[in-house]
Amino acid sequence: MARSPPGPLPRFQPSLGTGHFFMHLGAGRSREGGSVASEGPAVVKRCLPLQPQKAEPLQRKRIHIEGIVQGVGFRPFVLQTAERLGVCGWVLNDSRGVLIEAAGEAKALEGFLHILRDEAPPLSSISSFSVEEIAPVGDAGFVIRPSEGESEKKAQISPDTWVCPDCLGELFDPSDRRYRYPFINCTNCGPRYTIVTAVPYDRPHTTMAPFAMCSDCGAEYNDPASRRFHAQPIACPACGPKLALHDGSGPLLAGADPLAEAVSLLRQGKIGAIKGLGGYHLAVDAANDEAVRELRRRKARDEKPFALMVPSLAGLAPLVVADDLEQRLLAGVERPIVLLRKKPESALSPQVAPNNRYFGVMLPYTPLHYLLMEHFGALVMTSGNLSDEPIAFEDKEARNRLSGIADFHLGHDRDIHTRTDDSIARVMAGKALLLRRSRGYVPRGVLLPESQPTVLAVGAELKNTVCLTQDDRAFLSQHIGDLKNSEVCASFEKTIDHLKGIFGLNPTIVAHDLHPDSHGTRYAESLSGVTRVAVQHHHAHLASCMAENGAGGEVIGVIFDGLGYGADGHIWGGEFLVGGYSRYRRAGHFAYIPMPGGDAATREPFRMALSFLIRAFGEELPPLPLVTALPEKELRLYRKMIERGINAPLTSSCGRLFDAVAALSGLRQRVSYEGQAALELEMAIGEEREEGSYPFALEEEAGMLIFEPAPLIRALVGELLQGEAVSRVSARFHNTLARMVLEVCLRLQKETGLDRVALSGGVFQNRYLTERVLSLLSGAGFGVLTHSLVPPNDGGLALGQAVVAGSSTG
């Protein structure tokens, strides 16, 4: 059997589709794509008879194609290609992908195979293409056979996608029977992963199963010439889902047009819960300052930015600056939230994204969104939840959980099977970077450097995702959330069960974090009959970056984040590693600093500032406002905690250094969400180019390089006391860290001979620091591996855990 995988495409390749931009961002290093509409169940399709030409011996081939080939119009594409070329045979869905038997003359079959490989539907993604010569049999034409299920499931489910231009045209065409129908879709667009209940991907295995097709939809579904041929979510006003409007406490509001009434309520400044593809959004008019403030109060979200939805690319102009790549990312089929620089003259409420130079913006991606956005320049569209809770996605649950927040609920009767948040991305160093990988990208596979045993990796405590591997593919789940909430923990277990079910996998190797008390570790320990592999947090970050980039061997890892349980029992976070998948060694780190109050220090950055000040200045602390504002008794208490190690665990965290500098600079003494202090420190950097930096020390200790921050802190504090602008102080601080990274990597290169560096960890969401580090390392001749398809933060950790475990047990 000849295996002929498709040639790789570059990551984040912006492509021009049928009149619209879309961004391929997800199937690792193989042909990337999203998900189109679906195909069909056990229905045999018409075929055209083969027209005989000259009498030549016929050949017959069995073709097995794996990847995202179900739910993307692949079988209709195969049928139409066969008819065009005069090829006989059949095609069907099985639980591995698509199986084809094709017979014809050699030239026709050669052309058939070429087209299948190179001209597949735009949102398909082929990961395996196998061809086998078999004995000819008599065929009268080409048919689509009923789907087959097998014990082994390898079919990849498509992500959810936006509304294609053809459907949009019909949505706003008064002569079309689906005019203004909020659930319009076809084989090129619409819901997929969020409605799938099992494989093969046929209508009975989706939440569309309760909706019996009318005769008109049935005719389209069964017509190979139709754009809706075997589209599983096919629907129309006569037979499909319908909108419903409820008031905030739950009762149905009958009589009025639900959409028109919802628009009217939003215009009045009311807060609406709007049902999307993967859950509910909370929506308000983004220009109504009072409404946005009220949403913050009810949602208990003091300062964390809200996401915005704008009607079109043209609607960006009054609000943000967006370059060509940012616009392509924004308008891709995946429709992520994209971080875009604010325009100062924006008329939106300052409460949308306080203390931030960026708005998180997305375009409409469901027909309902397009109909809503006809009436607004921008709507806040934030996750339908209270802070720290998972997004609400079931109708009854949403009405209960959001009753104290939403004034009304605009929903419908098509169930969501899998809860899925919006994805978040930004452009950094000239390429797109996912900060949260969820709707639109999940469950596309990431191509691994090589095949490995099947592994379940349970991810991190914060920004949790889980990962399943199968051969040379890794399937990361959607964003699940922080596992400190019981509902998130329940969602975590449900997601694992769902992924295992749709991929037909029962892994006997389970990877988890090294921390003995993490939820993932406890979950792994609750499983019987499995091999458990504990993976150190920062080793997993290193492996995640390597795996995404298809890197083998060993590299230098620069892993900067907030907190991760270290192999020595301390809290790591500013790490220099040397290693690969199967092993690593800690070659350097930030000097250990006490965290007075433990977790409280992550919520109150002034505590870390005091810790760094005491390290740098000893008894005589400089008269910075954060020092002079503290009562003497309180200051003595913190000093005692720090000096005696009382409830003050040691950390090497880079994130805590950012917190300290933000507090020293007067930007943030307490935070209301994770990473707020570091974000505001980055936002404080001015527009002018700043090349200055501060001194730092690198010391050797037990064979490791130790970054000593005391010289930096003393110089930085000296400038603050002299009245230097915080914008310059912040830029110089960032520049210092970039210079320090270069110096450490040069020393490790001299020691090891390695010339590749992997950058990972949540700190590398910081655009200024990442681009500075990348520039310095590249200029020094290093090959630099960065994230793109997989978040650098803990949302990508499960991928690293999976490949480390697969390597150690393979």
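You'll find the structure just up there.
The model shown is predicted, which means the values in this text are computed figures rather than measured ones.

In terms of regular secondary structure, the chain is built from 22 helices and 33 strands. Over its C-alpha atoms the chain spans a radius of gyration of 28 Å, differing by no more than 12% from the 28 Å that the globule rule assigns to 810 residues. Overall, the chain is about 95 × 65 × 50 Å in size when its C-alpha atoms are taken along their principal axes. Expressed as a percentage of its 810 residues, the buried residues of the chain come to 63%. Summing over all exposed atoms, the chain offers an accessible surface of approximately 28300 Å²; the carbon and sulfur share of this is 51%. Each charge class in the chain can be summarised by its mean position, and for the 84 positive and 93 negative side chains these summaries are 1 Å apart.

What follows concerns the pattern of salt bridges. Evaluated as defined, the whole model comprises 47 salt bridges. The partner of Glu294 in a salt bridge is Arg298, with the nearest N and O atoms 2.9 Å apart. Of the two residues, Glu294 and Arg298 both sit in helix H6 (residues 289–299), four residues apart, roughly one turn of that helix. Under the relative-accessibility criterion, Glu294 is labelled partly exposed at 24%.

On to the packing of aromatic side chains. Aromatic ring pairs are reported here in terms of the distance separating the ring centres and the angle at which the planes meet. Following the criterion strictly, the structure yields 12 aromatic pairs and no others. When the ring of Phe560 is compared with that of Phe764, the centres are 5.5 Å apart and the planes differ by 15°; the resulting orientation is stacked. Residue Phe560 is found in strand E25 (residues 555–565), and its partner Phe764 is found in the loop between strand E32 (756–760) and helix H21 (767–779); the two are separated by 204 residues along the sequence. Every member of this aromatic cluster is reached through a ring pair, and the members are Phe560, Phe576, Phe590, Phe696, Phe707 and Phe764. Across from the ring centre of Tyr358, 5.1 Å away, lies the NZ or CZ of Arg426, which sits over that ring. In this structure, Arg586 packs its charged tip against the face of Trp572, placed 3.8 Å from the ring centre.

Residues Lys633, Arg636, Lys640 and Arg644 make up a contiguous surface patch of positive charge. Relative to the helices and strands, Lys640 is located in helix H16 (residues 632–644). According to the relative accessible area criterion, Lys640 is partly exposed, its value standing at 41%.

Considered for burial, the residues of helix H11 (residues 519–526) that qualify are His519, Gly520, Thr521, Tyr523 and Ala524. Buried positions along H11 lie against strand E21 (455–457), helix H10 (486–503), strand E23 (509–513) and strand E24 (531–535).

This part is about the sheet that holds strand E20 (residues 445–452). With respect to topology, five strands assemble into an open sheet ordered E20-E22-E21-E23-E24, the strand pairing being mixed. Because the sheet does not close on itself, it has two edges, and the strands there are E20 and E24. For this sheet, the mean angle separating the axes of adjacent strands, direction not counted, is 30°. Relative to the sheet, helix H22 (residues 797–809) contacts E20, E21, strand E22 (467–476), E23 and E24, its axis offset from that of E23 by approximately 130°.

The description of two helices packed together rests on the angle between their axes and the distance between the axes. In the contact formed by helix H17 (residues 654–664) and helix H18 (residues 676–683), the axes pass within 8 Å of each other and the chain directions differ by 60°. Judged by the angle between their axes, H17 and H18 are oblique. Between H17 and H18 the crossing geometry is left-handed. Here Phe658, Asp659, Val661 and Ala662 of H17 lie close against H18, whose contacting residues are Ala677, Ala678 and Leu681. The residue inventory of the contact of H17 with H18, partitioned by class, reads six nonpolar, no polar and one charged.

Conventions used here
- Here the residue numbering is sequential within each chain, running from 1 through the sequence in written order.
- Local features in this predicted model are restricted to residues of pLDDT 70 or higher, and side-chain atom pairs are both shown and tallied only at a pLDDT of 80 or more, whereas totals for entire chains, interfaces and linings draw on every residue.
- Here the side-chain values reflect all heavy atoms present in the structure, with hydrogen atoms and water set aside.
- Runs of E in the DSSP output that reach at least two residues are strands. Runs of H or I that reach at least four are helices, and both are numbered from the N terminus.
- Atoms considered for the radius of gyration are the C-alpha atoms alone. The globule rule reads 2.2 Å times the number of residues to the power 0.38.
- Exposure is judged per residue with a 1.4 Å probe applied to protein chains only, and the accessible area is read against the type maximum: over 50% gives exposed, under 20% gives buried, and values in between give partly exposed.
- Exposure was quantified through the Shrake-Rupley algorithm and a 1.4 Å probe, taking into account, for residues, occlusion by the shown protein chains and nothing else.
- Within this scheme the basic residues Lys and Arg register as positive and the acidic residues Asp and Glu register as negative, but His and the chain ends are omitted.
- Each charge is placed at NZ for Lys, CZ for Arg, CG for Asp and CD for Glu.
- Whenever Lys or Arg places a side-chain nitrogen within 4 Å of a carboxyl oxygen from Asp or Glu, that contact is recorded as a salt bridge.
- Pairing of aromatic side chains requires ring centres within 6.5 Å, counting the rings of Phe and Tyr and the six-membered ring of Trp. Pairs whose planes differ by under 30 degrees are stacked, by over 60 edge-to-face, and all others tilted.
- Throughout this description, the term charge over a ring refers to an Arg CZ or Lys NZ atom that lies within 6 Å of the ring centre and within 35 degrees of the ring normal.
- Patch criteria: residues need more than 30% relative accessible area and no salt bridge. Like-charged residues are merged within 9 Å; nonpolar side chains of Val, Leu, Ile, Met, Phe, Trp and Tyr are merged within 5 Å.
- Note on contacts: a residue pair qualifies if any of its non-hydrogen atoms lie within 4.5 Å across the two residues.
- Two strands qualify as a pair provided that DSSP identifies no fewer than 2 bridges between them.
- Between N-to-C directions, angles cover 0 to 180 degrees, with each direction set by a line fitted to C-alpha atoms, over the stretch in contact for helices.
- For classification, angles of less than 35 degrees are called roughly parallel, those exceeding 145 degrees roughly antiparallel, those between 65 and 115 degrees roughly perpendicular, and all remaining angles oblique.
- Helix crossings get a hand from a simple test, with the near helix turned counterclockwise from the far one by less than a right angle marking a left-handed crossing and a clockwise turn marking a right-handed one.
- Three classes are used, and their members are as follows: Ala, Val, Leu, Ile, Met, Phe, Trp, Tyr, Cys and Pro are nonpolar, Asp, Glu, Lys and Arg are charged, and the others, Gly among them, are polar.

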